[in-house]
Amino acid sequence: MEQFIGTWKLTSSENFDEYMKAVGINIASRQIANMAKPDVLFSVDDQGLISLKTKTTFKTVEIKFRLDEEFDEITADDRKAKTFIKLVDGKLVQTQTWEGKSTMIEREVKGRELIVKCIMNDVVSIRTYKKHE
Ligand code: A9M
């Protein structure tokens, strides 16, 4: 987990609009999300509770979770999901399930970059964040 801790800034994004369409996000939200350049903050408190905060000028969303324990998540586009996050070979793998659908968001640290892979059916978006000094 240690490698994720810190603040990350979005530097590139591929196919994110297609991913959001596949998830079922409406055009108004997609337009905002496409323009947003989020800062992502990972921290862990002394009880081992992990916080993942995604900050933009439009909206800030935070999830607090423990690995391998399902929790209720309200996503930035307001889906009410059951979410489960596990660590697999150094990758944080998040599965959101709502209304019989499911999407996966994988996060991996490579050097000074956080690579976020968003997967919905056969649609994949890759978003790259750089560590903030
Ligand atoms: C990411 O870079 C991508 C995670 C997938 C998020 C999918 C939800 C998109 C919601 C669109 C809502 C639009 C209104 C709010 C704008 C805030 C955008 C914040 C999300 C990019 C790394 C960060 O963990 N996640």
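Relevant structure appears above.
Computed from a predicted structure; not experimentally measured. All residue numbers here refer to positions counted from 1 along the written sequence of the relevant chain. At least 70 in pLDDT is required for a residue's local features to be given in this predicted model, at least 80 for side-chain atom pairs to be given and counted, and no such filter applies to totals for whole chains, interfaces and linings, which use all residues. The side-chain numbers reported here are obtained from all heavy atoms of the structure, hydrogens and water having been left aside.

Distances are taken per atom, and a residue is near a molecule or strand as soon as one of its heavy atoms is within 4 Å of it. By nearness alone, 16 residues border the ligand, and S29, V40, R107, R127 and Y129 come closest of all. Polar contact is the term for a pair of N or O atoms within 3.5 Å; when the atoms are in protein, one must be able to donate a hydrogen and the other to accept it, and sequence-neighboring residues count only if both atoms are side-chain atoms. In the environment of the ligand, an oxygen atom lies 2.6 Å from a nitrogen or oxygen atom belonging to the side chain of Y129. Areas reported here follow the Shrake-Rupley algorithm with a probe of radius 1.4 Å; residue values treat only the protein chains shown as occluding. Protein contact buries 93% of the 610 Å² of open area that the ligand shows by itself. Where helices and strands are cited, they refer to DSSP runs of H or I of at least four residues and of E of at least two residues respectively, numbered from the N terminus. Only α2 (27–35), β8 (101–110), β9 (113–120) and β10 (123–131) provide two or more residues apiece to the shell around the ligand. Here the shell around the ligand gets 3 residues from one element, more than from any other, and that element is α2. Class assignment for the residues of the shell around the ligand results in 10 nonpolar, 2 polar and 4 charged. Amino acids are sorted into nonpolar (Ala, Val, Leu, Ile, Met, Phe, Trp, Tyr, Cys and Pro), charged (Asp, Glu, Lys and Arg) and polar (every other residue, Gly among them).

Side-chain rings of Phe, Tyr and Trp (the six-membered ring for Trp) are treated as a pair once their centres are within 6.5 Å; stacked means planes under 30 degrees apart, edge-to-face means over 60, and tilted covers the remaining angles. On inspection of all chains with the given rule, the structure shows 3 aromatic pairs. Consider the rings of F16 and Y19, whose centres lie 6.2 Å apart with planes at 15°: the pair is stacked. You can see F16 and its partner Y19 sitting in helix α1 (residues 16–23), 3 residues apart, about one turn around the helix. When sorted by exposure, F16 lands in the same class as Y19, which is buried. Between F65 and F71 the ring centres are 5.8 Å apart and the planes differ by 10°, which places this aromatic pair in the stacked class. Judged by relative accessible area, F65 falls into the buried class, the value being 2%. F71 sits in the buried class, given a relative accessible area of 13%. Cation placement over rings: the criterion is NZ of Lys or CZ of Arg within 6 Å of the ring centroid and within 35° of the ring normal. For R79, the ring lying beneath its charged end belongs to W98, and the centroid distance is 4.6 Å. Residue placement shows R127 over the ring face of F16; its charged tip is 3.8 Å from the ring centre. Burial classification: accessible surface area is computed with a 1.4 Å probe over protein chains only, and a residue below 20% of its type maximum counts as buried, one above 50% as exposed, and the rest as partly exposed.

Before going further, it helps to spend a moment on the pattern of salt bridges. If the charged atoms of two oppositely charged side chains come close together, the side chains can form a pair. Any Lys or Arg side-chain nitrogen located within 4 Å of an Asp or Glu carboxyl oxygen qualifies as a salt bridge. Per the stated rule, a full pass over the model turns up 7 salt bridges. Notably, a salt bridge pairs D17 with R30, separated by 2.9 Å at the nearest N-O pair. You can see D17 sitting in helix α1 and its partner R30 sitting in helix α2, a full 13 residues away along the chain. Judged by its relative accessible area of 25%, D17 is partly exposed. Note that K82 is salt-bridged to D72, the shortest N-O span being 2.5 Å. Linking K82 in strand β6 (residues 80–88) with D72 in strand β5 (residues 71–74), this pair joins segments that are 10 residues apart in sequence. K82 sits in the partly exposed class, given a relative accessible area of 41%. Overall, D72 belongs to the exposed group, its relative accessible area being 57%.

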